[in-house]
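Coordinates in review
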Amino acid sequence: MIIAVFSRKENDCFIKPREYYLFDTGMATAFIILRAAELGLVAHPIAGYDEVRVKKVLNIIPEDMIVITLVIVGKHSETISPVLSDKQKESETKRPERLPLEKFAYKNTFKQ
């Protein structure tokens, strides 16, 4: 299944210069992904799509709607597809190294 996530600025509140539609849509997307995981599914947002084509295929009107992401949902497979490249196969079996918490979380101050 592919879920198209889209919105527009006018669908949410504006507080001074802040436009909350992207934040709120992002939170809703996160909950979709979490729910999929609860159901034993795999859900992954992607950015590699052609927004114009997505909007045309799905008949997303009006024009000011912005496709923020597509969420791919499926079942976890026990076998790795032979059509994947070696790099893709490796990413299916090995988690990428994560930054240590102190590189992106700060207490009382921001340090570069």
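The rules we used
- Along each chain, residue indices are assigned from 1 in the same order as the chain's sequence is written.
- Given that this is a predicted model, residues contribute local features only at a pLDDT of at least 70 and side-chain atom pairs are listed and counted only at 80 or more, while totals for whole chains, interfaces and linings are drawn from all residues.
- Hydrogens are left out, water is left out, and the side-chain values use all remaining heavy atoms of the structure.
- Any two strands are treated as partners once DSSP identifies two or more bridges connecting them.
- Helix numbers and strand numbers start at the N terminus; a helix is a DSSP run of H or I with at least 4 residues, a strand a run of E with at least 2.
- Note on geometry: axes are lines fitted to C-alpha atoms, helical ones only across the stretch in contact, with angles between N-to-C directions running from 0 to 180 degrees.
- Expected span of a helix: the number of residues minus one, times 1.5 Å.
- Note on exposure labels: buried denotes an accessible area under 20% of the residue type's maximum, exposed denotes more than 50%, and partly exposed covers the range between, all computed with a 1.4 Å probe on protein chains only.
- Taking the helix axis as origin, the arc is that swept by the directions to the C-beta atoms.
- By definition, residues are in contact when any of their heavy atoms lie within 4.5 Å.

Considering the sheet that holds strand 4 (residues 41-46)
- Strand order in the open sheet made by the three strands is 1-5-4, with antiparallel pairing throughout. The open sheet has two edge strands with one neighbour each: strand 1 (2-7) and strand 4. Across this sheet, the average inter-strand angle for adjacent strands is 25 degrees, counted without regard to direction.
- Judged from the six bridges that link them, strand 1 and strand 5 (residues 66-75) form a sheet pairing that is antiparallel. Residue pairing for strand 5: S7 is matched across the bridge by I66.

Observations concerning helix 1 (residues 21-38)
- End to end, helix 1 covers 26 Å across 18 residues, agreeing with the expected 26 Å (1.5 Å per residue, within 8%).
- Listed as buried for helix 1 are Y21, T25, T29 and A36. In a view along the axis of helix 1, the buried residues occupy a sector of 65 degrees, so they form one face of it. Along helix 1, the residues that are exposed and aim more than 90 degrees away from the buried face are F31, L34 and E38.
- Packing partners of the buried residues in helix 1 comprise strand 1, strand 3 (18-19), strand 4 and strand 5.
- Of the residues flanking the end of helix 1, it is G40, one or two places downstream, whose phi is positive at about 85 degrees.

Notes on the side chain of T25
- Along the chain, T25 falls in helix 1.
- Excluding its chain neighbours within four sequence positions, the residues that come into contact with T25 are V5, S7 and I68.

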